[in-house]
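These are the residues of each chain, in order.
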Amino acid sequence: MKSILCVTDLTDSAVNVLGKTTEMARALQAHVVILFPYRLIGKNYSGNMAKLREELEQQAHDKFEELKHTVSGLDSLTYDFHPEIGFPVDQIKTYLQTTDVDMVAIGQAQANSINETNSNSLQQLIAHSRLPFLIIPEK
């Protein structure tokens, strides 16, 4: 196994998702790509979008720095953290098309939220993917 794509929302419940992904990556000697998909803002924002993106990505990196210290064993792995603008399913698809990923891990609450927001789009992605998806309960 080469790498695991771990999709996170950076909430407190993400600690368990990152923890379970870390356990699996250690066992499989895999690299972890941690993806934080986010939306910039609605169309009513009139400020500098580049500055907003920079601020949001800095906040994401700061939050990830806080979270990673609570995930046992993460520091012993190779991993990358990527905040990316867009809908989660679109970003997952992009990563699956452009990187050598062997598995996708995502929290159950985030998976449910994606399906509720985008009409079961994650379920459709899973059904049409050649890769295993690990849906991890947050507790």
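Everything below is about the structure shown above.
Attention in this report is confined to the structure presented alongside it. Just so it is clear, the structure is predicted and the values come from calculations on it, not from any experiment.

**Quick word on unusual backbone geometry**
Reasoning step 1: Residue L10 is not a glycine yet carries a positive backbone phi of 65°.
Reasoning step 2: Summarising the element assignment, L10 is placed in the loop between strand 1 (3-7) and helix 1 (14-28).
Reasoning step 3: Classification of L10 as buried rests on a relative accessible area of 6%.
Reasoning step 4: With a phi angle near 55°, Q29 is a residue other than glycine that sits in the positive phi range.
Reasoning step 5: Tracing the backbone through its elements, the reader meets Q29 in the loop between helix 1 and strand 2 (31-38).
Reasoning step 6: Judged by its relative accessible area of 72%, Q29 falls in the exposed class.

**Digging into empty space enclosed by the protein**
The rolling of a water-molecule-sized probe over the atoms marks out the regions of remaining empty space.
Reasoning step 1: Applying the stated rule across the entire model yields 1 cavity of 30 Å³ or more.
Reasoning step 2: The space that makes up the largest cavity amounts to roughly 40 Å³.
Reasoning step 3: Lining the largest cavity, in full, are V7, T8, D9, S13, A14, V17, G107, Q110 and E138.
Reasoning step 4: Of the residues assigned to the lining of the largest cavity, the class counts are 3 nonpolar, 4 polar and 2 charged.

**Let's talk about the environment of E84**
Reasoning step 1: Relative to the assigned elements, E84 resides in strand 3 (residues 79-85).
Reasoning step 2: Considered as a pair, E84 and V101 are 17 residues apart in the sequence and their alpha carbons are 17 Å apart.
Reasoning step 3: The residues touching E84, leaving out its near neighbours within four places in the chain, are L35, F36, P37, Y38, Q91 and Y95.
Reasoning step 4: A distance of 3.0 Å separates a polar atom in the side chain of E84 from a polar atom in the side chain of Y95.

**What to know about the environment of V33**
Reasoning step 1: Secondary-structure assignment places V33 in strand 2.
Reasoning step 2: Considered as a pair, V33 and H82 are 49 residues apart in the sequence and their alpha carbons are 7.5 Å apart.
Reasoning step 3: If near-sequence neighbours (up to four positions away) are discounted, V33 is found in contact with I4, L5, C6, D80, H82 and Y95.

**Comments concerning the side chain of T22**
Reasoning step 1: As for its placement among the helices and strands, T22 is situated in helix 1.
Reasoning step 2: Engagement of the side chain of T22 in a polar contact is seen with the backbone oxygen of L18, the distance being 2.7 Å.
Reasoning step 3: In contact with T22, other than residues within four places in its own chain, are V71, S72, G73, L74 and L77.

**Section: the nonpolar core**
Reasoning step 1: If you look at the biggest cluster of nonpolar residues, it comprises 24 residues, and the most contacted ones within it are L10, I34, F64 and F81.
Reasoning step 2: For this core, the secondary-structure elements that each account for two or more residues are strand 1, helix 1, strand 2, helix 2 (49-68) and strand 4 (103-107).
Reasoning step 3: Setting aside residues up to four positions removed in sequence, F64 forms contacts with L10, L18, I34, L74, Y79 and F81.
Reasoning step 4: In terms of nonpolar packing, the next biggest core, distinct from the first, is built from 17 residues, V7, V101, I106 and F133 among them.

**Here we look at the sheet that holds strand 3**
Reasoning step 1: In spatial order, the strands read 3-2-1-4-5; together these 5 strands make up an open sheet with parallel pairing. The strands lining the two open edges of the sheet, one partner per strand, are strand 3 and strand 5 (133-136). Averaged over all neighbouring strand pairs, the angle between strand axes comes to 20°, with direction disregarded.
Reasoning step 2: The pairing of strand 1 with strand 4 spans 4 bridges and is classified as parallel. Note on strand 4: the bridge partner recorded for C6 is A105.

Criteria and thresholds
Residues numbered from 1 in each chain as written. Predicted model: local features only at pLDDT ≥ 70, side-chain atom pairs only at ≥ 80, totals over all residues. Heavy atoms only, no water. Helix = DSSP H or I, 4+ residues; strand = E, 2+ residues; numbered from the N terminus. Buried < 20%, exposed > 50% of the residue type's maximum accessible area, 1.4 Å probe, protein only. 1 Å grid on protein atoms, 1.4 Å probe; cavity = no way out; pocket = protein on both sides within 12 Å on 5 of 7 lines; lining within 4 Å. Points joined across faces, edges and corners; volume = space filled by probe spheres on them. Nonpolar A, V, L, I, M, F, W, Y, C, P; charged D, E, K, R; others polar. Contact = heavy atoms within 4.5 Å. Polar contact = N/O pair within 3.5 Å; in protein donor to acceptor, adjacent residues only side chain to side chain. Core = buried A, V, L, I, M, F, W, Y, C linked by side-chain atoms within 4.5 Å. Pairing = 2+ DSSP bridges. Axes fitted to C-alpha atoms, helices over the stretch in contact; angles between N-to-C directions.

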